[in-house]
Amino acid sequence: MGKVPVPDNAREQALARMMQLYSGLLVKLCSALLKDAHQAQDIVQETFVKAWQKMDDLRGGEKSEKAWLCRIAVNLCRDYQRTRWMRLVHPTAEPDQPPLWYVPRDEAAADVMEALGQLKPRYREALMLHYLENLPAEEMGQILGLSASAVYRRLNKARTQLRQLLKGEENDG
């Protein structure tokens, strides 16, 4: 049985509602992943374009629209980071710089964000989705394309690496 297309007026209403509900979340997520607020805005716009194009996929599935949109955004961020353009535009980008939207409360928070920036993107994504967005493992799994048990393993590894980075910074300082 084929997908039933969503009528354009219902599609527009659904997209407008999703944009209102999730734009802030997606900008924050993309800014943290890309460390570039302007590029994050572009990725969020592209996320909603893809959502518009693939609206029928959401309707037919049991996916949470929040997880669905986050997954689109994370994948677009990954694609952007892999592009040659990213390496040409940001050849001296420091991986340990905090995202532009982040203002640390104190030195300890700044140290955590700096260490977070040193993690591989897959670990940074997992920690951010869990701690900053308070998402459950099942929803994180939908976003990251992992099972819940794989999410827990990734979180454990990310926490271990973050702890090691923070201990290393404390020992140096």
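About the cut-offs
Residues numbered from 1 in each chain as written. Predicted model: local features only at pLDDT ≥ 70, side-chain atom pairs only at ≥ 80, totals over all residues. Heavy atoms only, no water. Axes fitted to C-alpha atoms, helices over the stretch in contact; angles between N-to-C directions. Helix = DSSP H or I, 4+ residues; strand = E, 2+ residues; numbered from the N terminus. Parallel < 35°, antiparallel > 145°, perpendicular 65-115°, else oblique. Left-handed = near helix turned anticlockwise from the far one by under 90°. Contact = heavy atoms within 4.5 Å. Nonpolar A, V, L, I, M, F, W, Y, C, P; charged D, E, K, R; others polar. Salt bridge = Lys/Arg side-chain N within 4 Å of Asp/Glu carboxyl O. Buried < 20%, exposed > 50% of the residue type's maximum accessible area, 1.4 Å probe, protein only. Phe/Tyr/Trp six-rings, centres within 6.5 Å; stacked < 30°, edge-to-face > 60°. Lys NZ or Arg CZ within 6 Å of the ring centre and 35° of its normal.

1. What to know about the packing of helix α4 (residues 65–82) against helix α8 (residues 137–144)
(1) Moving on: One way to put it is that α4 packs onto α8 with a least axis distance of 7 Å and a crossing angle of 45 degrees. Judged by the inter-axis angle, α4 sits oblique to α8. For the pair α4 and α8, the sense of crossing is right-handed. Listed contacts from α8 to Lys-66, Ala-67, Cys-70, Arg-71, Val-74 and Arg-78 of α4 are Glu-139, Gln-142, Ile-143 and Leu-144.
(2) Moving on: Partitioning the contact of α4 with α8 into residue classes produces 5 nonpolar, 1 polar and 4 charged.

2. Things to note about the pattern of salt bridges
(1) Moving on: Under the criterion given, the structure shown has 2 salt bridges.
(2) Moving on: In this structure, the salt-bridge partner of Glu-125 is Arg-78, at a minimum N-O distance of 2.6 Å. In this pair, Glu-125 is assigned in helix α7 (residues 121–132) and Arg-78 in helix α4, connecting sequence segments 47 residues apart.
(3) Moving on: Its relative accessible area of 2% is what places Glu-125 among the buried residues.

3. Observations concerning the packing of aromatic side chains
(1) Moving on: What the rule picks out here adds up to 0 aromatic pairs.
(2) Moving on: For the cation-ring pair, Arg-11 lies above Trp-52, with the distance from its terminal atom to the ring centre recorded as 5.4 Å.

Honestly, it's all geometry; don't read function into it.
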